[in-house]
Amino acid sequence: MVLGQEIFHVDALALTTGACIVFFAGLTLLYSWKFALGSGGRLGYNLYLLLSLVAALGVVLTKNLVILLVCWGLSGVFLYLLIGYGTKERTPATAKKAFIIIGGTDAFMMLGVVLIGQISDSFNMGHLRLSLAEPSALFAFLCLLMGVLAKAGMVPFHTWVPDTAEDAPTPVTAFLPAAVDKVLGVYLLARMVLDLFLMTPGMNAVLLTLGAVTIASAGLMMLRQQDFKRLLAFCAISQAGYVLLGIGTGHPLGIAGGLFHMVNHAIYKSCLFFYGGAVEQRVQTTNLDRMGGLARPMPMIFTGFLIGSLAVSGIPPLNGFVSKWMIYQGIVEVGREGGGLWVLWLAVAMFGSALTLAGMMKTVHAIFLGQPGPDLPVATGHHKSTPWPLWFPPLLLTALSILFGIWAYDLPLKHLIFPILQQTPISLDIWQPTLATVLILTALGGGIMFYFLSRWSKTLRQTEVFIGGETLDAVPGMRVSGSAFYDSVQELPVYRAFFTLAGRSDPYEVSAQFVTRLCGPLKNMHSGILSTYLSWCLMGMGVLFIVLLLR
Amino acid sequence: MTYLLYVFLLGFLLTAVIGFLASWFDRKLTARLQYRIGPPLLQPLYDFLKLLEKETLIPKASSQFTFVSAPLVGLISAITVSAILWASNMDPQKTFIGDLIVVIYLFLVPSISIVLGGFASGNPLASLGASRELKLLLSYELPFILAILVAVIKSDFSLRLGEILLAQAKNGMVAVSWSGGLAMLIAVICMQGKLALVPFDTPEAETEIAHGVMIEYSGALLAAYHLMKNMMLFALPFFIIIVYLGGLKVKGLPLLYGMLEYVGLVAFLTLIRNTNPRFRTEQVLKFFWGPVTMLAAVAVGLALGDY
């Protein structure tokens with residue numbers, strides 16, 4: 001109780017998201033310990049990490065909308081400061097872009113909060129259930145939604161995420177845009193949908209459409225990326241679309257699926273960024289063209305990355321599959337109520353998995369498999385090993401991603417997700433992947449056996465690869481890096497049209513152009529010539545005199 | 001334990017036997033179309049056993065463990081998906097929620113195993129082939145999903161194979177309607193892609209990239225891939241029979257109909273693959289994302305309009 005008001009309030013939603021935030025903050029701090037940062041002190045970096053943890057916790061634990069807004073804004077500030085620890089040339093510009101997009105939408109959120117205060121006479125987020133039929137409530141909803149979309153990196157306010165991923169230090173990307181910012185955005189969205197507003201089918205359709213657009217467009221963008229951190233960022237955006245889709249269904253199963261997907265996504269995307277950071281530290285590049293064949297020097301990181309890639313593509317029995325499955329069920333429930341749009345949403349969502357799979361497989365090939373890059377020092381095998389803080393946190397996340405897939409109902413759903421909805425939207429006869437897991441483990445065991453047999457068995461022999469009698473050393477041009485896998489997709493007229501459209505619709509660039517045009521005439525007035533300024537002054541005085549005289 | 005027996009007997013043994021027979025049928029029909037006599041009935045089995053005995057070469061490539069496990073994991077997923085299909089066909093009441101989605105995703109795993117195996121072999125030609133397999137997957141997936149959604153709409157918005165079967169038992173087959181027939185045609189074309197048969201055999205393309213994804217595989221590992229492909233030659237048509245043709249009845253005369261349906265589907269695949277040239281990769285993309293997806297959208301529209 002402060003000033004006679006209840007400020008903090010912990011319910012199941014706050015508990016789940018808060019636990020996520022603390023968990024990822026701990027892992028990131030551990031990871032950052034051995035991660036080589038660029039300029040700036042480590043003290044400041046760790047301080048900002050902790051402060052953004054506090055700000056994020058403030059967002060989820062408070063009951064007061066004003067406090068939420070303040071913490072939300074602070075978390076944006078710390079993101080800005082943390083991006084600044086990157087070492088790329090473009091880092092300052094990227095930090096500014098992220099800050100402007102998030103800060104700009106924060107301004108709209110402020111408007112939304114004020115409107116809610118006007119309507120309900122208090123800033124408390126109790127069980128308000130404002131009707132969206134009222135124009136002011138609808139406007140408040142849209143304002144808050146803008147903040148959510150920007151924070152969680154969803155179309156159309158997603159453009160800061162890929163730039164941040166490319167230019168910020170990897171642990172920062174793994175912590176904020178990939179995990180905590182997503183969690184915060186989804187938290188507010190869930191609050192809005194569950195408590196603040198009474199959703200209408202029309203507004204749900206808007207959310208679903210935004211989600212489908214997010215999945216498809218980010219998935220298509222993934223195919224053409226050359227930098228793996230940027231590629232992972234587009235993958236993160238695409239996954240955020242599933243969360244939007246799940247919550248947009250308005251059906252308990254869909255909402256539970258969306259929230260579960262948020263947790264899952266934070267797990268495997270942080271995991272992928274962490275592994276990626278370990279690779280980056282080793283080979284000093286993030287360009288897919290220059291890597292390759294790293295599975296041999298880094299077998300464990302390869303295995304973890306592969307599991308993460310399969311989980312993000314929703315391959316059973318990993319965790320991504322369960323949450324996607326729940327979201328699909330939720331969409332079909334929407335379909336029962338009539339209308340034909342749900343087919344589109346469902347088809348896009350399921351096709352989005354194929355896009356994710358294609359993008360992730362390309363990454364796995366280009367980094368770990370295929371033929372080693374020509375100028376990689378690491379390929380020779382003489383190098384120092386990865387320190388444990390760089391592989392232990394992602395290993396933990398990989399384990400979670402397997403556990404949450406196999407025992408989805410018993411572990412996360414029962415204890416983390418269903419309490420939020422205060423009901424159990426699915427019965428027990430869901431798919432129990434235990435048997436499939438045992439079978440897959442058998443196959444992997446067979447693989448291990450085979451692998452060791454190949455050392456001494458007579459019917460197994462190790463050979464060089466056969467490329468029509470040529471060798472890679474003699475003809476290095478035959479190396480296939482993987483970054484050009486989907487060139488023939490990119491050549492399609494449809495894809496090119498989409499890409500041009502995507503390039504033109506970055507809200508940051510659009511508003512920057514708008515502001516430049518708006519300020520152009522003002523800028524031109526400042527010619528620097530004294531006589532011009534004097535004549536402006538005289539004209540102004542003249543106008544003043546006339547106004548005063550006429551009064 | 002009984003479940004394990006189910007997986008082994010139906011999911012593995014029966015599926016493998018039917019797969020081998022289907023593979024023989026495919027080769028025999030191909031031979032007859034080319035005025036040859038064709039192989040004896042047990043030839044696919046002989047081939048399989050011979051491969052098991054042969055020396056297995058493992059390239060000194062980026063990840064040998066991935067290289068040897070990929071065919072085994074692919075095989076396991078083919079067994080799992082066949083077991084799920086058999087279970088829902090035998091006892092439609094007892095299926096689990098959303099098994100349709102599980103099946104659709106499990107059908108992806110053999111492709112992924114082929115891709116990863118190709119990647120891991122370290123051969124540039126295999127990498128090219130694997131990238132083509134991924135592009136193929138991207139192309140057929142969209143119309144395939146739309147075509148399956150037609151059956152979902154027809155069976156009262158259920159993602160449960162059992163309920164799709166029960167709805168067909170009550171209202172007649174999905175395929176016997178305008179939208180269902182169109183959707184089944186699209187699904188069969190996508191199946192051709194999923195099996196990577198001509199004209200969609202870009203990942204293997206013997207004449208260009210020398211079996212691409214398979215180039216480094218030999219001996220027992222190649223045998224595992226062949227077994228997996230033969231099993232998929234049963235599992236995919238079986239899936240289509242369940243979703244569009246009301247499933248296989250296992251007793252009496254309907255069993256004969258079911259078998260005829262299956263043989264008809266395999267014959268259709270064989271005919272297509274023997275009368276068409278191979279598409280280029282971008283032609284595959286244009287074909288699936290263009291006319292096939294359009295037709296699938298029309299089928300969905302018709303289904304929503306209750307035709």
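Numbering of residues starts from 1 in every chain and runs along the sequence as written. In the order they appear in the text, chains get letters beginning with A and ligands get numbers beginning with 1. With pLDDT at 70 or above as the cut-off, local features in this predicted model cover only qualifying residues; side-chain atom pairs require 80 or more to be listed or tallied, and sums for whole chains, interfaces and linings still use all residues. Where side-chain values are given, they derive from all heavy atoms of the structure, hydrogens and water being excluded.

A. Main features of the overall build of chain A. Numbering of helices and strands runs from the N terminus; a helix is a DSSP stretch of H or I covering at least four residues, while a strand is a stretch of E covering at least two. The helix and strand inventory of chain A stands at 20 helices and three strands. C-alpha atoms define the radius of gyration in this analysis, and the globule rule sets the expected value at 2.2 Å times the number of residues to the power 0.38. Compactness check: chain A gives a C-alpha radius of gyration of 26 Å against a globular reference of 24 Å for 551 residues, within 12% of the reference. Overall size of chain A, expressed as C-alpha extent along the three principal axes, is 110 × 65 × 50 Å. Burial here depends on accessible area, computed with a 1.4 Å probe over protein chains only, as a share of the maximum for the residue type. Under 20% is buried, over 50% is exposed, and the range in between is partly exposed. Taking all 551 residues of chain A together, the buried fraction comes to 56%. Contact criterion: two residues are considered in contact whenever any of their non-hydrogen atoms come within 4.5 Å of each other. Expressed as a percentage of contacts within chain A between residues at least 6 apart in sequence, the contacts between residues at least 24 apart total 81%. Here, Shrake-Rupley sampling with a 1.4 Å probe gives the accessible areas, and only protein chains in the shown set may cover a residue. A total of about 22400 Å² of accessible surface is found on chain A, and carbon and sulfur atoms cover 69% of it. Looking at charge distribution, chain A has the averaged site of its 32 positive side-chain charges lying 5 Å from that of its 26 negative ones. The sign given to each residue is positive for Lys and Arg and negative for Asp and Glu; His and the chain ends receive no count. Working definition for charges: the position is that of NZ of Lys, CZ of Arg, CG of Asp or CD of Glu.

B. Molecular detail of the overall build of chain B. Summing up its helical and strand segments, chain B has eleven helices and one strand in all. Element order for chain B, N to C, with α for helix and β for strand: α-α-β-α-α-α-α-α-α-α-α-α. Taking 19 Å as the expected radius of gyration for a compact globule of 307 residues, we find that chain B reaches 19 Å, a close match to that expectation. Seen through its C-alpha atoms, chain B measures out along the principal axes to roughly 55 × 45 × 40 Å. When burial is assessed residue by residue, chain B has 64% of its 307 residues classed as buried. Residue pairs in contact within chain B that sit at least 24 positions apart in sequence constitute 80% of those at least 6 positions apart.

C. Highlighting the pattern of salt bridges. Here a salt bridge means any side-chain nitrogen of Lys or Arg lying within 4 Å of a carboxyl oxygen belonging to Asp or Glu. One pass over the full model with this rule turns up 17 salt bridges over all chains. The partner of R27 of chain B in a salt bridge is D47 of chain B, with the nearest N and O atoms 3.0 Å apart. Placement of the pair is R27 of chain B in helix 1 (residues 2-33) and D47 of chain B in helix 2 (residues 43-53), with a sequence separation of 20 residues. Salt bridges linked by common partners bring R90, K97, D163, E166, D167, R230 and D506 of chain A together as one network.

D. Spotlight on the packing of helix 13 (residues 341-367) of chain A against helix 5 (residues 124-154) of chain B. Angles run from 0 to 180 degrees between N-to-C directions of axes, and those axes are lines fitted to C-alpha atoms, restricted for helices to the stretch in contact. Contact pair helix 13 of chain A / helix 5 of chain B: the axes reach a minimum separation of 10 Å and the direction vectors enclose 165°. Taken together, the axes of helix 13 of chain A and helix 5 of chain B are roughly antiparallel relative to one another. Relative to helix 5 of chain B, the crossing made by helix 13 of chain A is right-handed. Here W342, V343, L346, A347, M350, F351, A354, L355, L357, A358, M361 and H365 of chain A of helix 13 of chain A come into contact with helix 5 of chain B, specifically with S127, L134, L137, L138, E141, L142, I145, L146, L149 and I153 of chain B. Counted by class, the contact of helix 13 of chain A with helix 5 of chain B contains 19 nonpolar, two polar and one charged residues. Under this scheme an angle from 65 to 115 degrees is roughly perpendicular, one under 35 degrees roughly parallel, and one over 145 degrees roughly antiparallel; angles in between are oblique. Two helices crossing with the near one rotated counterclockwise from the far one by less than a right angle form a left-handed crossing, whereas a clockwise rotation gives a right-handed crossing. Under this grouping Gly is polar, as are all residues other than the nonpolar Ala, Val, Leu, Ile, Met, Phe, Trp, Tyr, Cys and Pro and the charged Asp, Glu, Lys and Arg.

E. Expanded view of the confidence of the model for chain B. Each residue gets a pLDDT score, which is the predictor's confidence in that residue and runs from 0 to 100. Averaged over all residues, the pLDDT of chain B equals 85, while 99% of them reach at least 70. Mean pLDDT across the secondary structure elements of chain B bottoms out at helix 8 (residues 206-209) of chain B, with 74, and peaks at helix 7 (residues 178-194) of chain B, with 89.

F. Examining the domain arrangement of chain A more closely. For chain A, the assigned domains read domain 1 (8-177), domain 2 (199-427 + 478-505) and domain 3 (506-550). Residue ranges for the domains originate in an automatic or database domain assignment. Here the C-alpha centroids of domain 2 of chain A and domain 3 of chain A sit 50 Å apart.

G. Structural detail: the side chain of T293 of chain B. All names here are of chain B. One can find T293 in helix 11 (residues 281-304). Side-chain atoms alone can form a polar contact between residues adjacent in sequence; in general such a contact is a pair of N or O atoms within 3.5 Å, and within protein one must be able to donate a hydrogen while the other accepts it. Within polar-contact distance, the side chain of T293 engages the backbone oxygen of F288 at 2.5 Å. When neighbours within four sequence positions are excluded, T293 is seen to be in contact with L142, P143, L146 and F288.

H. Broad picture of unusual backbone geometry. Omega for the bond connecting V155 of chain A with P156 of chain A falls within 30 degrees of zero, at 5°, which places this linkage in the cis form. Between P316 of chain A and the following residue, P317 of chain A, the backbone shows a cis peptide bond with an omega angle of 5°. Its location among the elements puts P317 of chain A in the loop between helix 11 (299-312) and helix 12 (319-336). Positive phi, normally seen in glycine, also occurs at Y35 of chain B, with a value near 55°. Mapped onto the secondary structure, Y35 of chain B falls in the loop between helix 1 and helix 2. Taking relative accessible area as the criterion, Y35 of chain B reaches 78% and is therefore assigned exposed.

I. Main features of the interface of chain A and chain B. Each partner contributes to the interface: chain A provides 74 residues, whereas chain B provides 71 residues. Roughly 6300 Å² of surface becomes buried between chain A and chain B when both sides are summed, with 76% attributable to carbon and sulfur atoms. Counting across the chain A and chain B interface gives five residue pairs in polar contact (both at pLDDT 80 or more). Those elements that place two or more of their residues in the side of chain A that touches chain B are helix 11, helix 12, helix 13, helix 16 (434-456), strand 3 (460-463) and helix 17 (487-490) of chain A. Counting residues per element, the side of chain A that touches chain B draws most heavily on helix 13 of chain A, which supplies 14 residues. Residues belonging to the side of chain A that touches chain B are distributed by class as follows: 47 nonpolar, 19 polar and eight charged. A simple way to read buried area is as the amount of 1.4 Å-probe accessible surface that goes missing from two parts once joined, with both sides added.

J. Up close: helix 3 (residues 64-90) of chain B. All names here are of chain B. For a helix, the expected span equals 1.5 Å multiplied by the residue count minus one. Helix length check: helix 3, at 27 residues, gives a terminal C-alpha distance of 40 Å against a target of 39 Å (1.5 Å per residue), a fit within 8%. The largest bend in helix 3 comes to about 30°, at A70, with the proline P71 one to four residues further on. For helix 3, the tally of buried residues reaches 25 of 27 residues, placing the bulk of the element in the interior. Here the bend at each residue means the angle between axes fitted to two seven-residue stretches, the one ending at that residue and the one beginning there.

K. Spatial organisation of a nonpolar patch on the surface. All names here are of chain B. Taken together, the side chains of V17, L21, L41, L42, L45, Y46, L49 and L52 present a nonpolar region at the surface, about 680 Å² in accessible area. Those elements that place two or more of their residues in the nonpolar patch are helix 1 and helix 2. Ranked by the residues each element gives to the nonpolar patch, the list is headed by helix 2, at four residues. Considering the arrangement of structural elements, one finds L49 in helix 2. Patch members must show over 30% relative accessible area and no salt bridge, and they are joined within 9 Å when carrying like charges or within 5 Å when they are nonpolar side chains of Val, Leu, Ile, Met, Phe, Trp or Tyr.

L. How the structure looks around helix 6 (residues 160-167) of chain A. Residues and elements named next belong to chain A. Of all eight residues that make up helix 6, eight are buried, and the element is covered over most of its length. Here helix 6 has its buried residues at W160, V161, P162, D163, T164, A165, E166 and D167. Packed against the buried residues of helix 6 are helix 3 (65-83), helix 4 (91-120), helix 5 (135-152), helix 7 (170-196), helix 9 (228-248) and helix 10 (252-283).

M. Molecular detail of the packing of aromatic side chains. Residues and elements named next belong to chain A. Here is the rule: rings of Phe, Tyr and Trp (six-membered ring for Trp) pair when centre to centre is within 6.5 Å. Planes less than 30 degrees apart are stacked, more than 60 are edge-to-face, and the remainder are tilted. Enumeration according to the criterion identifies 30 aromatic pairs over all chains in this entry. Grouped by ring-pair contacts, the aromatic residues Y45, Y48, F78 and Y85 constitute a single cluster. It is K151 that lies over the ring of W72; its NZ or CZ is 5.2 Å from the centre. Across from the ring centre of Y242, 4.7 Å away, lies the NZ or CZ of K324, which sits over that ring. Ring-over charges, as used throughout, are those where CZ of Arg or NZ of Lys falls within 6 Å of the ring centre and within 35 degrees of the ring normal.

N. The arrangement of the nonpolar core in detail. Among the nonpolar cores identified, the biggest contains 290 residues, and F197, M361 and F368 of chain A together with F239 and Y244 of chain B are the most heavily contacted of them. Among the elements that line this core, the one with the most residues is helix 9 (residues 219-245) of chain B, at 21 residues. Three or more residues apiece are contributed to this core by two domains, here domain 1 (8-177) and domain 2 (199-427 + 478-505) of chain A. If near-sequence neighbours (up to four positions away) are discounted, F197 of chain A is found in contact with I116, R129, L130, L132, A137, A140, F141, L144 and M192 of chain A. Definition of nonpolar core: a set of buried residues of the types Ala, Val, Leu, Ile, Met, Phe, Trp, Tyr and Cys, connected through side-chain atoms within 4.5 Å.

O. Region of the structure containing the packing of helix 7 of chain B against helix 11 of chain B. Residues and elements named next belong to chain B. Contact pair helix 7 / helix 11: the axes reach a minimum separation of 8 Å and the direction vectors enclose 155°. In terms of orientation, helix 7 lies roughly antiparallel with respect to helix 11. Considering only the axes of helix 7 and helix 11, their crossing is left-handed. Taken together, the residues of helix 11 that come into contact with helix 7 (itself represented by W178, S179, L182, A183, I186, I189 and C190) are F287, F288, V292, L295, A296, V298, A299, L302 and A303. Broken down by class, the residue content of the contact of helix 7 with helix 11 amounts to 15 nonpolar, one polar and no charged.

P. Quick look at the environment of G276 of chain A. All names here are of chain A. As for its position among the elements, G276 is in helix 10. Along the primary structure G276 and I440 are separated by 164 residues, whereas in three dimensions their C-alpha atoms are 26 Å apart. What G276 contacts, discounting residues up to four positions off in sequence, is F228 and F305.

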